[in-house]
Structure formats: C-alpha cells, structure tokens
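# Structural characterization, general
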Amino acid sequence: RTSVLNPAHINNVDCNILTNPVSNEINVQIFSSLSTHCHIKLFDMRGTQVMTVFDGIIEKGELSLSTKTTGIPSGQYILVLQTPTERVHRFIAVLH
C-alpha cells in the first residue's frame, strides 16, 4: 500500500520484497522516478521499530538492497519505505 503525503507527487517510489516469507535476509527492490532521501525501516506488528534497513539518498531508477535477519524472531513484520512525499508499506513474514 502506498500513501501520498503530497498529492502533487504520486507513485514516485515503490518497492517489492523479492522473496516472502524470508529466512536469513530481506531482499528489497526499489523503484524511484526521482533522486530523493529515503528511510526504510522494519517494524513488528505492535509498531515497534526492529531495524533500519536503509537511510540515505536513492537515485532515480532501480536499486536492490539486502539486510540480514539475524536476531529478528520469526513472525510478521511491516517494512516501511518513506520519502519526503510518500510512504510505502509491505508485509513480511520472517521464518527461521
């Protein structure tokens, strides 16, 4: 699901989880129509932040990121990708 914080910028960024459920690492594919600052964070179902996956500038185009799930218990999580104008949510199941 994508929510737009500024309606002048619609669908400038999106992401896919390449395998879901995940086991040892989360692989995220990001698509962006512009260069922008981006935060990608993982939250448990209670809304507690579990980890920061990425915090930096993404360039226009496609980007792939991976992060280990070491120390994260099996369960359901929400990956949140946020730019200054948009927020994208993806549900992830972690199975060890």
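Look up: the structure comes first, before these words.
Residues numbered from 1 in each chain as written. Predicted model: local features only at pLDDT ≥ 70, side-chain atom pairs only at ≥ 80, totals over all residues. Heavy atoms only, no water.

### Considering unusual backbone geometry
Most peptide bonds take the trans form, and the phi angle of most residues other than glycine is negative. How we decide: Helix numbering and strand numbering both begin at the N terminus, where a helix is a DSSP run of H or I of at least 4 residues and a strand a DSSP run of E of at least 2.
Residue Pro 21 follows Asn 20 across a cis peptide bond; omega there is 15°. Mapped onto the elements of the fold, Pro 21 is located in the loop between β2 (13–17) and β3 (25–32).

### Focus: the environment of Lys 41
Defined as follows: By definition in these notes, contact holds between two residues if any of their heavy atoms fall within 4.5 Å.
With respect to the helices, strands and loops of the structure, Lys 41 is situated in strand β4 (residues 36–44). Lys 41 sits 41 residues away from Gln 82 along the chain, and the two C-alpha atoms are 8.5 Å apart. Leave out the neighbours within four places in its chain, and Lys 41 touches Gln 49, Met 51, Thr 52, Val 53, Ile 78, Leu 79 and Val 80.

### Quick word on the sheet that holds β3
The strands making up a sheet associate through backbone hydrogen bonding, with each pair oriented either parallel or antiparallel. Convention followed: Note: two strands are recorded as paired if DSSP finds a minimum of 2 bridges between them. Helix axes are fitted only over the stretch in contact, all axes being lines through C-alpha atoms; the angle between N-to-C directions runs from 0 to 180 degrees.
Read from one edge of the open sheet, three strands run β2-β3-β6, paired in antiparallel fashion. The outermost strands of the open sheet, each flanked by one partner alone, are β2 and β6 (61–68). Taken over all neighbouring pairs, the strand axes of this sheet differ in orientation by 20° on average, direction set aside. Sheet analysis places β3 next to β6, joined by eight bridges and oriented antiparallel. Each bridged residue has a counterpart across the sheet, and for Asn 27 the counterpart in β6 is Ser 66.

### Some details on the environment of Asn 24
Within the secondary structure, Asn 24 sits in the loop between β2 and β3. Sequence spacing of Asn 24 and Gly 71 is 47 residues, and the spatial spacing of their C-alpha atoms is 10.0 Å. Dropping the residues within four chain positions of it, Asn 24 is found in contact with Thr 67, Lys 68 and Thr 69.

### Some remarks on the pairing of strand β7 (residues 75–82)
Consecutive residues of a regular strand have side chains that alternate between opposite faces of the sheet. Of the pairings in the sheet, the one linking β4 to β7 comprises six bridges and is antiparallel in character. In the strand pairing of β7, Lys 41 is matched with Val 80. Relative to strand β8 (residues 86–94), β7 is paired through eight bridges, and the arrangement is antiparallel. Note on β8: the bridge partner recorded for Gly 75 is Val 94. Linking β7 back to β8 in an antiparallel pair, the connection comprises three residues.

### A short note on the pattern of salt bridges
Basically, it comes down to this: Salt bridge, as applied in this entry: a Lys or Arg side-chain nitrogen positioned within 4 Å of an Asp or Glu carboxyl oxygen.
Counted under the stated rule, the structure contains three salt bridges. Two residues, Arg 90 and Asp 14, come together in a salt bridge whose shortest N-O distance is 2.4 Å. Highlighted residues: Arg 90 in strand β8 and Asp 14 in strand β2, separated in sequence by 76 residues. A salt bridge links Lys 68 to Glu 25; the nearest nitrogen and oxygen atoms lie 3.5 Å apart.

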